[in-house]
Amino acid sequence: MRLVVDLNRCQGFAQCVFLAPDVFSLHGGEALLFSPRFDEAQQDRVEKAAAACPVQAILVDYSDEPTKGVKPHVG
């Protein structure tokens, strides 16, 4: 399982931080930081956080397959 967050869409409402503080945090009151991978123990909280996002910027991806055709950006 992994998280995909559209940071261009995120408005910093921080509902995700409130619901899943082990996965999401705000840096400087504006920038969202998150752990893209999470374990099953956090699944319920992460799903609630994604559902609570007012702008629907959070996607929970349940596949463990790597993204095909996308090269990692370094730098």
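As the structure is a computational prediction, the values presented were derived from the model and not from experiment.

**What about the overall build of the protein?**
Along its length, the protein carries 2 helices and 4 strands. Here the protein, with 75 residues, has 24% of them falling under the buried criterion. Surface accessibility of the protein: about 5500 Å² in total, with carbon and sulfur atoms responsible for 53%.

**A short note on the pattern of salt bridges**
This model, assessed by the stated rule, comprises 2 salt bridges. Residue D61 pairs with R2 through a salt bridge whose shortest N-O separation is 2.8 Å. In this pair, D61 sits in strand 4 (residues 58-61) while R2 sits in strand 1 (residues 2-5), placing the two residues 59 residues apart along the sequence. Residue D61 is classed as buried on the basis of its relative accessible area, which comes to 17%. One salt bridge in this structure joins K48 and D44, with 3.3 Å as the shortest N-O distance. Taken as a pair, K48 and D44 lie in helix 2 (residues 43-52) at a separation of 4 residues, close to a single helical turn.

**With respect to the nonpolar core**
With 16 residues, the main nonpolar core has L3, V23, F24, F38 and I58 as its most contacted residues. Where this core is concerned, the elements lending two or more residues are strand 1, helix 2 and strand 4. If one sorts the elements of this core by residue count, helix 2 sits on top with 3 residues. Apart from the residues within four sequence positions on either side, L3 is in contact with V23, F24, F34, S35, P36, F38, V46, I58, L59 and V60.

Each value, and the rule that gives it
Residues numbered from 1 in each chain as written. Predicted model: local features only at pLDDT ≥ 70, side-chain atom pairs only at ≥ 80, totals over all residues. Heavy atoms only, no water. Helix = DSSP H or I, 4+ residues; strand = E, 2+ residues; numbered from the N terminus. Buried < 20%, exposed > 50% of the residue type's maximum accessible area, 1.4 Å probe, protein only. Areas by Shrake-Rupley, 256 points an atom, 1.4 Å probe, with all protein chains shown as cover. Salt bridge = Lys/Arg side-chain N within 4 Å of Asp/Glu carboxyl O. Core = buried A, V, L, I, M, F, W, Y, C linked by side-chain atoms within 4.5 Å. Contact = heavy atoms within 4.5 Å.

Everything listed is a geometric property; what it means functionally is a separate question.
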